[in-house]
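# Observations on the model geometry
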Amino acid sequence: HCILATLWYQKSDEMRALYYQCFRNAETAITQNLALAGHTTPVTGTPAPEGTVLSGDRKPPAVVLDIDETLLDNSPFQGWQVLEKKSFNNDDWFRWVELARARPLPGAVDFTRYADSMGVEVFYVSNRTVQEMGPTIENMAEWGFVNADSAHMLLKETTSSKVERRALIEKHYEILLLVGDNLADHSGIYEKRGPDLGFEAVDADRRLFGTKYIVLPNPMYGNWLNDLLRSAPGSTEREKLVRLLETF
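The rules behind each value
Residues numbered from 1 in each chain as written. Predicted model: local features only at pLDDT ≥ 70, side-chain atom pairs only at ≥ 80, totals over all residues. Heavy atoms only, no water. Helix = DSSP H or I, 4+ residues; strand = E, 2+ residues; numbered from the N terminus. Rg over C-alpha atoms; globule rule 2.2 N^0.38 Å. Buried < 20%, exposed > 50% of the residue type's maximum accessible area, 1.4 Å probe, protein only. Contact = heavy atoms within 4.5 Å. 1 Å grid on protein atoms, 1.4 Å probe; cavity = no way out; pocket = protein on both sides within 12 Å on 5 of 7 lines; lining within 4 Å. Points joined across faces, edges and corners; volume = space filled by probe spheres on them. Phe/Tyr/Trp six-rings, centres within 6.5 Å; stacked < 30°, edge-to-face > 60°. pLDDT = per-residue confidence, 0-100. Pairing = 2+ DSSP bridges. Axes fitted to C-alpha atoms, helices over the stretch in contact; angles between N-to-C directions.

A few words on the overall build of the chain. Along the chain, the regular secondary structure elements total 10 helices and seven strands. In terms of C-alpha radius of gyration, the chain reaches 19 Å, essentially the compact-globule figure of 18 Å for 248 residues. Counting only C-alpha atoms, the chain reaches 65 × 40 × 35 Å along its principal axes. The buried share of the chain, taken over its 248 residues, is 44%. The contacts of the chain with a sequence gap of at least 6 include a subset with a gap of at least 24, amounting to 71%.

So this is what it looks like as structure tokens:
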């Protein structure tokens, strides 16, 4: 399954267009959410003048972004896995991360700069481990991502769930927007998808997509695939995937 997915990610114009579209939508959402929260002047969309009393005395605004396949392109690692016939393992992944060679995804750097220019604090919540902090900062700083530092990067320590790390940010900031390629990047509601694969939860939250949540396309890996393989009948990955296909 990974060959076509990785090639689409690396070689299709549609992928690039979708990333530009998502980050353009993210800029629009940030601007609108700032105005709704009273952080900007509604007419111009510029940050409210210093000393302005925020509506409801609200906390300063923030945006939370995932890193992998949201801001940084790790598809060369996926391609290497395909050629080497290797499944994911932490040692190989860490070798790739240490190279600090991942390229920024289309529109990603500009979005972090836009958010920063609007007075929105940019935070990164990623399941890269804390041991990967150094090369991750190096990689992101090289491309000019805003706030590429340990104070704004909340990496994995003990749990893959991002709920607690988002809560740490919310102690001091109001999160206006969350951006990621995995639904668990946006809410803990999506961490357990259940028999309906989480469709009901997504349908219930449909008005949050494009306004509070921006979801980026990643056909190569993710919770969606892990959940499918965990529950599907069959002895091999291919057999499981084939059995899951809907046909006529």
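To continue, consider the layout of surface pockets. The volume enclosed by the largest pocket comes to roughly 1300 Å³. Lining the largest pocket are 40 residues, with Q78, F88, Y221, G222 and N226 sitting closest to its centre.

A few words on unusual backbone geometry. Positive phi is not limited to glycine here, since K85 has a value of about 55°. Its location among the elements puts K85 in the loop between α3 (75-84) and α4 (90-99). Owing to a relative accessible area of 77%, K85 belongs among the exposed residues under this scheme. For L197, which is not glycine, the phi dihedral falls at a positive 65°. Examined against the element boundaries, L197 turns out to sit in the loop between β6 (174-180) and α8 (199-204). For L197, a relative accessible area of 35% corresponds to the partly exposed category.

Attention now moves to the packing of aromatic side chains. On inspection of all chains with the given rule, the structure shows nine aromatic pairs. An angle of 90° between the planes, with centres 6.0 Å apart, marks the rings of Y9 and Y19 as edge-to-face. Pair noted here: Y9 is in helix α1 (residues 2-11) and Y19 is in helix α2 (residues 13-36), with a separation of 10 residues, a long-range link. For Y9, a relative accessible area of 1% corresponds to the buried category. Look at Y19 and you get buried, because its relative accessible area is 0%. On the basis of an interplanar angle of 45° and a centroid distance of 6.5 Å, the ring pair of Y19 and F23 is categorised as tilted. Here F23 and Y19 lie together in helix α2, a separation of four residues that amounts to about one turn. Owing to a relative accessible area of 2%, F23 belongs among the buried residues under this scheme.

Right, let's talk about the confidence of the model for the chain for a bit. Looking at the chain as a whole, its pLDDT mean stands at 92, while 93% of the residues score no less than 70. Contacts from residues 50-54, a stretch scored under 50 in pLDDT, to residues over four places away or in other chains number three contacts.

Across the sheet, five strands lie side by side as β5-β4-β1-β6-β7; this open sheet has parallel pairing. Looking at the sheet topology across the chains shown, the edges are occupied by β5 (153-156) and β7 (213-215). Within this sheet the neighbouring strands show an average axis-to-axis angle of 20°, counted without direction. Here strand β4 (residues 121-129) runs beside β5; their pairing, made up of three bridges, is parallel. Opposite T129, over in β5, you have K156 as the bridge partner.

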